[in-house]
Amino acid sequence: MAEFDIKAGLQHVLKQVEVALQKRPKEIVAAKPLLVAVSKTKPAECIIEAYNAGQRHFGENYVQELVEKSQHPDILSQCPDIKWHLIGHLQSNKINKVLKLPNLHMIQTVDSEKLANSLDAAWSKLQPVPTEPLRVLVQINTSEEDAKSGVDASTAPSLYQYIRSNLKNLQAVGIMTIGAYGFDYSKGPNPDFISLMKVHSAICQANDLASESVMVSMGMSNDYDRAIEMGSTIVRVGTAIFGYRAAKA
């Protein structure tokens, strides 16, 4: 018996996603949340176990781990419909390595025009030629911490518009934040979530977009339920799935 019960963890998280969705105020028009299982530091067999339990979207923080796992022979043979998200910082010199990986679904961490331009150019040169643009999220540093990547909330709408207007090989599908860790919810709503939802509103208004057409990636294992209540449509959950311990009888 494994120390952690990944299938039970996944089922528990999916149940909590539904509960949080029911608590979301009716005035928030947003899609049902997409669960991205964060498999950072986890071996291939854990990913395969989650895949066999029905999970399809997986996120990696580090380029090297994404490179190794996406090309792992067992994952390639047993998880044909897996969808990989890069949810960590992407350096320009690693772009080509990432874009040629099998089953790459989304880059969640575009935080500058320079990175967007480089991704656009690299995607256009891929062989065989991709059949669709590369999905990207604009990462926003809502907590304004020096150690975190992301654009300022005030400049995020212009970066989003720049990608939509100028880079035909990219598809800006939403926004993302990591936020400050360990917020005390007894003090009220998370200010990072409030900030990101304000940016979401600004982007929708500036580009004349329906609110549900711009994805919002916020919320992790410790607060994904609260993020969903506030309008998140992508939650990135690792520990609550891969580190789930079934309660002892």
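Above this text is the structure in question.
Everything numeric here is computed off the predicted structure, so don't read it as measured data.

1. Details of the overall build of the protein chain
- Check the secondary structure of the protein chain and you find 10 helices and 8 strands.
- Computed over C-alpha atoms, the radius of gyration of the protein chain comes to 18 Å, within 12% of the 18 Å expected from 2.2 N^0.38 for 249 residues, which places it in the range of a compact globule.
- Once the C-alpha set of the protein chain is aligned to its principal axes, its extents read approximately 55 × 45 × 30 Å.
- Here the analysis covers contacts within the protein chain between residues at least 6 apart in sequence; of these, 65% occur between residues at least 24 apart.

2. Here's the deal with the layout of surface pockets
- Estimates place the volume of the largest pocket at around 570 Å³.
- As for the largest pocket, its lining consists of 27 residues, and the residues nearest its centre are Val38, Lys40, Asn61, Ile87 and Met220.
- The set of elements that each furnish at least two residues to the lining of the largest pocket consists of strand 8 (234–237) and helix 10 (239–242).
- Broken down by class, the residue content of the lining of the largest pocket amounts to 11 nonpolar, 11 polar and 5 charged.
- Here the second largest pocket is characterised by a volume of approximately 340 Å³.
- Leu101, Leu104, Trp123, Pro130 and Glu132 are the residues nearest the centre of the second largest pocket, which is lined by 20 residues in total.
- Of all the secondary-structure elements, those providing two or more residues to the lining of the second largest pocket are strand 4 (104–110) and strand 5 (134–139).
- Classifying every residue of the lining of the second largest pocket gives 11 nonpolar, 4 polar and 5 charged.

3. Considerations on the pattern of salt bridges
- Tallied over the entire structure, the rule returns 5 salt bridges.
- Residue Glu60 pairs with Lys69 through a salt bridge whose shortest N-O separation is 2.9 Å. In this pair, the class of Glu60 matches that of Lys69, namely buried.
- Residue Arg135 is joined to Glu132 by a salt bridge in which the shortest nitrogen-to-oxygen separation is 2.9 Å.
- Among the charged side chains, a salt-bridge network with shared partners connects Glu60, Glu65 and Lys69.

The rules behind each value
- Residues numbered from 1 in each chain as written.
- Predicted model: local features only at pLDDT ≥ 70, side-chain atom pairs only at ≥ 80, totals over all residues.
- Heavy atoms only, no water.
- Helix = DSSP H or I, 4+ residues; strand = E, 2+ residues; numbered from the N terminus.
- Rg over C-alpha atoms; globule rule 2.2 N^0.38 Å.
- Contact = heavy atoms within 4.5 Å.
- 1 Å grid on protein atoms, 1.4 Å probe; cavity = no way out; pocket = protein on both sides within 12 Å on 5 of 7 lines; lining within 4 Å.
- Points joined across faces, edges and corners; volume = space filled by probe spheres on them.
- Nonpolar A, V, L, I, M, F, W, Y, C, P; charged D, E, K, R; others polar.
- Salt bridge = Lys/Arg side-chain N within 4 Å of Asp/Glu carboxyl O.
- Buried < 20%, exposed > 50% of the residue type's maximum accessible area, 1.4 Å probe, protein only.

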